[in-house]
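# Descriptive analysis of the structure
In case you want the letters, here they are:
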Amino acid sequence: EYEDAQKNLNRALEENPNQPLAHYYLGDILVTQNACTLAVPHLEKAISAYPGLARTYFLLGKCRVSAGEVQPAFEIFQKALELDPNLAEAHAAKGLALYTSGRPAEASAAFEDAVRLGPDLYEAQMNLSALYLDSSQAAEAIPLLKAAVEKKPQEFRPNYSLAEAYLEAEDTASARGQ
């Protein structure tokens, strides 16, 4: 589905390389395809033309994380959130960068913001519930894990984590039901 759009955007950029929105959309498609190495130059060109577009920073931050550049990614996510404090995906990505950097308390706060702003963000729910379980806060993890199970009932991870949370909360009957 992205193939035609990618071809059209590449063709448009061949004709006129100074189209920042074409760079943005092509960068977005490339990030979706896990082609961050190719996406970064396009996202940087889009940022230089439109420095107020928060989602572009978010996408660039995702690419930095995938390259193992966690600290620069964190700073880029911060910039995205300065531009749009309600960008739930940026909060979630910032949480992951913080967690990777060994800052679980700050990661937890970022994941909480992500879940509050984007209640359908499955990975943010799972990451936050994992942090809660790591800090013996099963009661806080259980509602998140229930929501995750509702979203993806056939997946092992949320079901197992929910059973683990019930056990930690000493609710063996509910744990057996998972």
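As shown above, the structure is provided for reference.
Every chain begins its residue count from 1, and numbering advances along the sequence as written. Only residues with pLDDT of 70 or above have their local features reported here, since the model is predicted, and side-chain atom pairs are shown and tallied only from 80 upward, although totals for entire chains, interfaces and linings are computed over all residues. Hydrogens and waters are ignored; side-chain quantities use all the structure's heavy atoms.

## Section: the packing of helix 3 (residues 36-49) against helix 4 (residues 54-66)
A pair of packed helices is characterised by two quantities: the angle between their axes and the separation of those axes. Note on geometry: axes are lines fitted to C-alpha atoms, helical ones only across the stretch in contact, with angles between N-to-C directions running from 0 to 180 degrees. Helix and strand definitions here come from DSSP, where helices need a minimum of 4 consecutive H or I residues and strands a minimum of 2 consecutive E residues; each element is numbered from the N-terminal end. For the pair helix 3 and helix 4, the least separation of the axes is 9 Å and the interaxial angle reads 150°. The orientation of helix 3 with respect to helix 4, classified from their angle, is roughly antiparallel. Helix 3 and helix 4 meet at a crossing whose hand is left-handed. Contacts from C36, A39, V40, L43, E44, A46 and I47 of helix 3 reach helix 4 at T56, Y57, L59, L60, C63, R64 and S66. Roughly parallel covers angles under 35 degrees, roughly antiparallel covers those over 145, roughly perpendicular covers 65 to 115, and oblique covers all other angles. Working rule for handedness: look at the near helix, and if it is turned counterclockwise from the far one by less than a right angle, call the crossing left-handed; if clockwise, right-handed. We call two residues in contact when some of their heavy atoms are within 4.5 Å.

## Section: the environment of A107
Tracing the sequence through the fold places A107 in helix 7 (residues 104-117). A107 sits 15 residues away from A92 along the chain, and the two C-alpha atoms are 8.5 Å apart. Leave out the neighbours within four places in its chain, and A107 touches G95, L98, Y99 and L131.

## Remarks on the packing of aromatic side chains
Here a pair means two rings of Phe, Tyr or Trp (six-membered ring of Trp) with centres within 6.5 Å. Their orientation is stacked below 30 degrees between planes, edge-to-face above 60, and tilted elsewhere. Taken as a whole and judged by the stated rule, the model has three aromatic pairs. Here F58 and F77 contribute two aromatic rings whose centre-to-centre distance is 6.3 Å and whose plane-to-plane angle is 40°, an arrangement assigned as tilted. Residue F58 is located in helix 4, and its partner F77 is located in helix 5 (residues 70-83); the two are separated by 19 residues in the primary sequence. Look at F156 and Y160: their rings are 5.3 Å apart centre to centre, the planes differ by 25°, and that puts the pair in the stacked class. Residue F156 and its partner Y160 are located together in helix 10 (residues 156-168), separated by four residues, close to a single helical turn. A 1.4 Å probe rolled over the protein chains alone gives each residue an accessible area, and that area as a share of the maximum for its type sets the label: buried under 20%, exposed over 50%, partly exposed in between. Look at Y160 and you get partly exposed, because its relative accessible area is 47%. The aromatic ring of F74 is capped on one face by R103, whose charged end is 5.0 Å from the ring centroid. In this structure, K152 packs its charged tip against the face of Y122, placed 4.3 Å from the ring centre. Put simply, a charge is over a ring when the Lys NZ or the Arg CZ is close to the ring centre, within 6 Å, and near the line of the ring normal, within 35 degrees.

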